[in-house]
Amino acid sequence: MNIMDFNVKKLAADAGTFLSRAVQFTEEKLGQAEKTELDAHLENLLSKAECTKIWTEKIMKQTEVLLQPNPNARIEEFVYEKLDRKAPSRINNPELLGQYMIDAGTEFGPGTAYGNALIKCGETQKRIGTADRELIQTSALNFLTPLRNFIEGDYKTIAKERKLLQNKRLDLDAAKTRLKKAKAAETRASQLNSARLEGDNIMSEQELRITQSEFDRQAEITRLLLEGISSTHAHHLRCLNDFVEAQMTYYAQCYQYMLDLQKQLGSFPSNYSNNNQTSVAPAPSASSNVIGSSALTSTSGLVITSPSNLIDLKECSGSRKARVLYDYDAANSSELSLLADEVITVFSVVGMDSDWLMGERGNQKGRVPITYLELLN
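Residues numbered from 1 in each chain as written. Predicted model: local features only at pLDDT ≥ 70, side-chain atom pairs only at ≥ 80, totals over all residues. Heavy atoms only, no water.

In the nomenclature of an unreviewed UniProt entry, the protein chain corresponds to Endophilin-B1 from the organism Panthera pardus. Entered under Sequence similarities (unreviewed entry) in the UniProt record, the comment concerning the protein chain runs "Belongs to the endophilin family." (UniProt positions renumbered as here; feature names shortened; annotations may be inferred.)

This is how it looks when you write it as structure tokens:
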């Protein structure tokens, strides 16, 4: 029974406090009550915290968009995060493009220049996809997570203490208003009631001292929390440096991958037979022994040569030395795998397709694509 009485009294006291704050807040908005202003330093700290929160949210959300442009994928990751479960690994766009290129190159034939180029491009795209995945993971850990921890942790604590400070200020101003009314009533009261009104005045003064003390203490707590915003900025600066470093690593990797790919594609001759469709090449000089005596300029500005001398080799007997222009992976046991810049022996075989020669390296022998070779003296 005593516990029930205590709960009822506490509920009534809380309701009275809430009503008093609501009345004070309304009267302030209507200009009918005075408002205790915070000191300029505390106001500046509150403004700085609010500004930090707003821009941190914007930067965090836009970084998420940058790292994961697909909104459905972002929603899925958010749901898994809230469920404290790991999101399933999904193939990203560069990896998917790379796989399509590799499949197309395999379908067209690795022995053709176009098919081999597609495979090389596909492998590069998949490496870019892996680098993209590493960028997302690193950025999420070193940049997005600290920003999110501030929004969901530190700033929530600041907002809670700021709300308490607002309530303490309302209590203080309500106490000031009651004391002011009590003093006004005392001057108007008759001598008969002066003793009772004086008692009300004393109670109002005691309430004012208590509310002033609580307000000052809460203002100090809030100020100490807000002064930590400078440390937050310093921490976020370190995180920003980590993000920039992750981007720098990512773009450097992509640049190197594309540079290597460009070198490989730059050595691809522009004239080759593909699917029995033979390009027309300029007639070579009879005394020339280097593939590409008639140099052609591609749309990219690279000078690419014609395999006319190797075609001449197919029309005569005997073997010659040839340098491999770029790597080639044998599609089956009848072909010979090649490494760029190695020198092999090549010769023609009666009845062999015009796109191929027979290559020999030591005890290894197999068909090699004619467009991958440069005839040596």
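Asks: Help me understand the overall build of the protein chain in this model?
Replies: When you go through the protein chain residue by residue, the secondary structure sums to eight helices and seven strands. Summarising the internal contacts of the protein chain: among those between residues at least 6 apart in sequence, 67% fall at separations of at least 24. Surface accessibility of the protein chain: about 23,100 Å² in total, with carbon and sulfur atoms responsible for 56%. (Helix = DSSP H or I, 4+ residues; strand = E, 2+ residues; numbered from the N terminus. Contact = heavy atoms within 4.5 Å. Areas by Shrake-Rupley, 256 points an atom, 1.4 Å probe, with all protein chains shown as cover.)

Asks: When you look at the packing of aromatic side chains in this model, what are you seeing that I'm missing?
Replies: Here a ring pair, both rings aromatic, is described through the centre-centre distance and the interplanar angle of the planes. In this structure the tally under the stated criterion is seven aromatic pairs. Arranged with centres 4.7 Å apart and planes meeting at 10°, the rings of Phe 143 and Phe 243 form a pair that is stacked. Remark: Phe 243 occurs in helix 7 (residues 229–266) and Phe 143 occurs in helix 5 (residues 113–188); sequence separation between them is 100 residues. Accessibility classification places Phe 143 together with Phe 243 in one group, the buried group. Among the aromatic side chains, those forming a connected cluster through ring pairs are Tyr 326, Tyr 328, Trp 356 and Tyr 372. Sitting above the plane of the Trp 55 ring, Lys 58 keeps its charged end 4.5 Å from the centroid. Lying across the ring of Tyr 257, Arg 127 places its NZ or CZ 5.6 Å from the centre. (Phe/Tyr/Trp six-rings, centres within 6.5 Å; stacked < 30°, edge-to-face > 60°. Buried < 20%, exposed > 50% of the residue type's maximum accessible area, 1.4 Å probe, protein only. Lys NZ or Arg CZ within 6 Å of the ring centre and 35° of its normal.)

Asks: Even after reading the chapter, I still don't get unusual backbone geometry, so can you show me in this structure?
Replies: Among all residues save glycine, negative phi is the norm, and among peptide bonds the norm is trans. A positive phi angle, near 75°, is found at Asp 341, a position not held by glycine. Mapped onto the elements, Asp 341 comes out in the loop between strand 3 (319–324) and strand 4 (343–347).

Asks: Would you explain the sheet that holds strand 7 (residues 373–375) in this entry?
Replies: Whenever strands of a sheet pair, they do so through backbone hydrogen bonds, lying parallel or antiparallel. The five strands lie next to each other as 6-5-4-3-7, forming an open sheet whose pairing is antiparallel. The open sheet has two edge strands, strand 6 (364–369) and strand 7, and neither has a second partner. Averaged over all pairs of adjacent strands, the angle between strand axes in this sheet comes to 45°, irrespective of strand direction. When strand 5 (residues 356–361) meets strand 6, the two strands line up antiparallel, connected through six bridges. Across the sheet, residue Leu 357 finds its bridge partner in strand 6, namely Val 368. (Pairing = 2+ DSSP bridges. Axes fitted to C-alpha atoms, helices over the stretch in contact; angles between N-to-C directions.)

Asks: Can you walk me through the nonpolar core in this structure?
Replies: For soluble globular proteins, nonpolar side chains are generally found buried alongside one another. Leu 38, Leu 42, Leu 165 and Leu 226 are the most contacted members of the largest nonpolar core, which has 18 residues in total. Of all the secondary structure elements, the ones that give two or more residues to this core are helix 2 (40–67), helix 5 and helix 6 (194–226). With eight residues, the top contributor of residues to this core is helix 5. The contacts of Leu 42, once residues within four sequence positions are left out, are Leu 165, Ala 219, Arg 223 and Leu 226. If you look at the next biggest cluster of nonpolar residues, it comprises 17 residues, including Val 346, Val 368, Ile 370 and Tyr 372. (Core = buried A, V, L, I, M, F, W, Y, C linked by side-chain atoms within 4.5 Å.)

Asks: Please clarify how the side chain of Asp 132 should be interpreted in this entry.
Replies: With respect to the secondary-structure elements, Asp 132 resides in helix 5. Despite being buried, Asp 132 has no salt bridge partner; Arg 133 is the closest side chain of opposite charge, sitting 7.3 Å away. (Lys, Arg positive; Asp, Glu negative; His and termini not counted. Salt bridge = Lys/Arg side-chain N within 4 Å of Asp/Glu carboxyl O.)

Asks: What exactly am I supposed to notice about the pairing of strand 3 here?
Replies: Working note: regular strand, side chains alternate between the two faces of the sheet. Alignment of strand 3 against strand 4, held across five bridges, turns out to be antiparallel. By the bridge assignment, Lys 321 is partnered in strand 4 with Thr 345. With three bridges joining them, strand 3 and strand 7 adopt antiparallel strand pairing. Across the sheet, Val 324 pairs through a bridge with Leu 373, a residue of strand 7.

Asks: What's the story with helix 4 (residues 93–108) in this structure? I'm lost.
Replies: Working note: α-helix, 3.6 residues per turn, so residues spaced by three or four point in the same direction. Here helix 4 contains 16 residues, and its C-alpha end-to-end distance of 22 Å stays within 8% of the 22 Å for a straight helix at 1.5 Å per residue. Along helix 4, the residues that are buried comprise Pro 94, Glu 95, Gly 98, Ile 102 and Gly 105. The arc that holds the buried residues of helix 4, viewed along the axis, is 95°, so those residues lie on one side. When the buried face of helix 4 is taken as reference, the exposed residues oriented beyond 90 degrees from it are Asn 93, Tyr 100 and Glu 107. (Expected span 1.5 Å × (residues − 1). Arc of directions from axis to C-beta.)

Asks: Hey, could you run me through the side chain of Thr 63 in this one?
Replies: Turning to its location among the elements, Thr 63 is positioned in helix 2. Beyond its immediate stretch of four places on either side in the chain, Thr 63 contacts Phe 143, Leu 144 and Phe 243.

Asks: So what exactly am I meant to see when it comes to the packing of helix 2 against helix 7 here?
Replies: The angle between the axes and the distance between the axes are what describe a pair of packed helices. Between helix 2 and helix 7, the least distance of the axes is 12 Å, while the angle of their chain directions is 15°. Comparing the axis directions of helix 2 and helix 7 gives the class roughly parallel. As helix 2 packs across helix 7, the resulting crossing turns out to be left-handed. Between helix 2 and helix 7, the contacting residues are Lys 48, Ala 49, Thr 52, Thr 56, Thr 63 and Leu 66 on the first element and Ile 229, Ser 230, His 233, His 236, Phe 243 and Gln 247 on the second. Per-class residue counts for the contact of helix 2 with helix 7 are four nonpolar, seven polar and one charged. (Parallel < 35°, antiparallel > 145°, perpendicular 65-115°, else oblique. Left-handed = near helix turned anticlockwise from the far one by under 90°. Nonpolar A, V, L, I, M, F, W, Y, C, P; charged D, E, K, R; others polar.)

Asks: Where do I start with the environment of Ile 344 in this structure?
Replies: Inspection of the secondary structure puts Ile 344 in strand 4. Separated by 29 residues in sequence, Ile 344 and Leu 373 place their C-alpha atoms 9.2 Å apart. Residue contacts for Ile 344: discarding those within four places in its chain leaves Arg 320, Lys 321, Ala 322, Val 324, Leu 338, Gly 359, Glu 360, Arg 361, Val 368 and Leu 373.

Asks: Teacher, can you tell me more about the environment of Leu 338 here?
Replies: For Leu 338, the position within the fold is in the loop between strand 3 and strand 4. Once the C-alpha coordinates of Leu 338 and Pro 369 are considered, the two residues, 31 residues apart in sequence, prove to be 9.8 Å apart. Those residues in contact with Leu 338 that lie beyond four places of it in its chain are Val 324, Asp 327, Tyr 328, Ile 344, Arg 361, Val 368, Pro 369, Tyr 372 and Leu 373.

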